[in-house]
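# Examining the three-dimensional arrangement
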Amino acid sequence: MMKSMDGFTGRIGWLEVICGPMFSGKSEELMRRLRRAMIARKRVQVFKPAMDDRYSEDEIVSHGDVRMKSEAVKSASEILAKLDWRTDVIGIDESNFFGTDLIEVVNRLADSGKQVIAAGLDTDYLGRPFAPIPDLLALAESITKTLAICMRCGNPAKHTQRLVESDDLIVVGAAGLYEARCRRCFEAGVPKQELLEFARPSYRFQQAAQS
Ligand code: ADP
Ligand code: ZN
């Protein structure tokens with residue numbers, strides 16, 4: 001399988017997608033590819049959604065604390081607005097936060113000769129395909145699925161397990177709120193008794209009584 005740009009001649013654009021659950025190394029793989037492009041003296045621009053300000057506003061940061069400068073954008077169309085048209089390679093982290101508008105944007109970029117590398121969650125906290133990643137996979141020249149390690153049993157994990165109760169599709173956070181789980185250990189939805197100790201009402205009540 002061809003996973004790099006090797007073999008392409010001339011200035012042809014294309015789309016690479018890196019997908020998988022949280023903690024599977026998507027951001028690290030994205031940054032590895034972008035660094036290689038920089039070493040090859042390509043012009044690189046990196047974008048991430050402005051809502052993901054967990055660790056840094058102007059950097060993408062992996063769970064292993066690998067960092068790279070990036071531009072925060074509020075929507076997929078803002079990627080086009082902020083694009084320097086001399087840029088050769090465009091990296092997009094947390095692509096699943098951009099919604100379906102991202103599909104047309106990355107297609108346009110690839111059609112106009114850009115190399116686009118998009119990383120994002122392919123399933124949500126209930127295990128359902130997470131738009132717009134399924135569409136990006138269908139449109140891409142190259143796709144990579146990364147797996148994490150299941151925090152219950154150590155097997156390869158394709159699921160993002162939400163550990164706190166919420167019906168919102170997007171709850172931004174990392175360790176403590178989510179963990180990686182394999183197919184067998186994944187529980188779609190969180191039964192109340194599964195709440196972490198700090199999130200239990202009785203625990204909060206005790207803490208309040210003590211202070
Ligand atoms: P993603 O972008 O897919 O969320 P990152 O690139 O941010 O992943 O982080 C990957 C890093 O997270 C790994 O290199 C490792 O240091 C760390 N990590 C923490 N928990 C896990 C886990 N359950 N499985 C694999 N790696 C993990
Ligand atoms: Zn497991």
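This report concerns the structure included in the present document.

How each quantity is defined
Residues numbered from 1 in each chain as written. Chains lettered and ligands numbered in written order. Predicted model: local features only at pLDDT ≥ 70, side-chain atom pairs only at ≥ 80, totals over all residues. Buried ≥ 20, exposed ≤ 12 C-beta atoms within 10 Å, placed from the backbone. Helix = DSSP H or I, 4+ residues; strand = E, 2+ residues; numbered from the N terminus. Arc of directions from axis to C-beta. Contact = placed C-beta atoms within 7 Å. Pairing = 2+ DSSP bridges. Axes fitted to C-alpha atoms, helices over the stretch in contact; angles between N-to-C directions. Near = placed C-beta within 6 Å. Nonpolar A, V, L, I, M, F, W, Y, C, P; charged D, E, K, R; others polar. Right-handed = clockwise from strand over helix to strand, strands pointing away.

### Here's the deal with helix α3 (residues 101-111)
- When we look at burial in α3, the residues that qualify are Leu102, Val105, Val106, Leu109 and Ala110. Taken around the axis of α3, the buried residues stretch over an arc of 130°, which confines them to a single face.
- Where α3 is buried, its residues meet β1 (14-20), α2 (76-82), β6 (89-92), β7 (115-121) and α4 (133-139).
- Among the residues trailing α3, glycine 113 stands out with phi positive, at a value near 95°.

### Considering the sheet that holds β7
- Sheet architecture is open: 6 strands sit in the order β5-β2-β6-β7-β1-β8, paired in parallel fashion. If you trace the sheet from one side to the other, it starts and ends with β5 (71-73) and β8 (142-145), each paired once. Strand-to-strand, the axes of this sheet are offset by a mean angle of 20°, without reference to chain direction.
- Pairing geometry for β6 and β7, over 4 bridges, is parallel. Each bridged residue has a counterpart across the sheet, and for glycine 91 the counterpart in β7 is isoleucine 117.
- Sitting on the sheet, α3 is in contact with β1, β6 and β7, with an inclination near 155° to β7.

### Points about the site of ligand 1
- Near ligand 1 lie 16 residues; those nearest to it are Lys26, Ser27, Ser62, His63 and Gly64.
- Counting only elements with at least two residues in the shell around ligand 1, the list comes to α1 (26-39) and β9 (148-149).
- Residue contributions to the shell around ligand 1 peak at 3 residues, all from α1.
- For the shell around ligand 1, the class distribution of residues is 6 nonpolar, 8 polar and 2 charged.

### Comments concerning the pairing of β7
- Counting buried residues in β7 gives 7 out of 7 residues, a clear majority hidden from the surface.
- Note: β1 against β7, 7 bridges, orientation parallel. Directly across from leucine 15, in β7, lies its bridge partner valine 116.
- Once the chain exits β6 it traverses α3 before rejoining the sheet at β7, and the crossover so formed is right-handed.

### Re unusual backbone geometry
- The peptide bond linking alanine 131 to proline 132 adopts the cis configuration, its omega dihedral lying at 5°.
- Turning to its location among the elements, proline 132 is positioned in the loop between β7 and α4.
- If you check the backbone angles, arginine 41 has positive phi at about 60° while not being a glycine.
- What makes arginine 41 exposed here is the crowd of 8 C-beta atoms within 10 Å.

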